[in-house]
Amino acid sequence: MSQYDEFDDIRGLTSDGDDDEFSFDDIVDDDAAFGYGQEILTEEEIAAANAPGPVEEFVSSMSAQERMFLSLMLFANIAVLGLALLLATNRISF
């Protein structure tokens, strides 16, 4: 008898003696309890939550050329930091 024979009958090992089949009728569907305990927001609170933040306002006020320059500077910054990290960890060498 191998050590894995006990797992041949997984379904039998997990049976708790209750062989009833699953039924969706057993699920309680109470519409009155839906949303219980949830906070209901007013229109002003929803508008305040959807308002643009300071970064979004700053970026949306920039022109297309300014956003492109900013993205190129960010890319160059990440490329230089990545190269420095690779050099510092001796992953590449010159």
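Residues numbered from 1 in each chain as written. Predicted model: local features only at pLDDT ≥ 70, side-chain atom pairs only at ≥ 80, totals over all residues. Heavy atoms only, no water.

*Asks:* In this structure, what is going on with the overall build of the protein chain? I would like to understand it.
*Replies:* Helix and strand content of the protein chain: four helices and zero strands. Seen in sequence order, the protein chain has helices and strands lined up from the N terminus as α-α-α-α. Across the 94 residues in the protein chain, those meeting the buried criterion constitute 1%. Counting only carbon and sulfur atoms, one obtains 60% of the accessible surface of the protein chain, whose full area is about 9,400 Å². (Helix = DSSP H or I, 4+ residues; strand = E, 2+ residues; numbered from the N terminus. Buried < 20%, exposed > 50% of the residue type's maximum accessible area, 1.4 Å probe, protein only. Areas by Shrake-Rupley, 256 points an atom, 1.4 Å probe, with all protein chains shown as cover.)

*Asks:* How should a negative patch on the surface be read in this particular structure?
*Replies:* On the surface, Glu39, Glu43, Glu44 and Glu45 cluster together into a negatively charged patch. Its location among the elements puts Glu43 in helix α2 (residues 43-49). The exposure class of Glu43 is exposed, given its relative accessible area of 69%. (Patch = residues over 30% accessible without salt bridge, like charges linked within 9 Å, V, L, I, M, F, W, Y side chains within 5 Å. Salt bridge = Lys/Arg side-chain N within 4 Å of Asp/Glu carboxyl O. Lys, Arg positive; Asp, Glu negative; His and termini not counted. Charge placed at Lys NZ, Arg CZ, Asp CG, Glu CD.)

*Asks:* Help me understand the confidence of the model for the protein chain in this model?
*Replies:* Any region with low pLDDT has predicted coordinates that should not be read closely. When pLDDT is averaged across the protein chain, the result is 79; 61% of the residues are at 70 or more. Least confident of the elements in the protein chain is helix α1 (residues 10-14), whose mean pLDDT is 66; most confident is helix α4 (residues 64-88), at 96. (pLDDT = per-residue confidence, 0-100.)

*Asks:* Before we go on, may I ask you to explain α4 in this structure?
*Replies:* Each α-helix winds once per 3.6 residues, and so residues spaced three or four apart point in a common direction. In this model, α4 (25 residues) spans 36 Å end to end at C-alpha, consistent with the 36 Å of a helix rising 1.5 Å per residue. In the segment just after α4, Asn90 is the residue with positive phi, at about 55°. (Expected span 1.5 Å × (residues − 1).)

*Asks:* Help me understand the environment of Arg67, please; the structure alone is not making it clear to me.
*Replies:* Turning to its location among the elements, Arg67 is positioned in helix α4. For Arg67, the residues in contact, after removing those within four places along its chain, are Val59 and Met62. (Contact = heavy atoms within 4.5 Å.)

*Asks:* How should unusual backbone geometry be read in this particular structure?
*Replies:* Most peptide bonds take the trans configuration, and most residues that are not glycine carry a negative phi. A positive phi is found at Asn90, a non-glycine position, where the angle reads about 55°. By the secondary structure assignment, Asn90 is in the segment after α4. Residue classification places Asn90 among the exposed residues on the basis of a relative accessible area of 65%.

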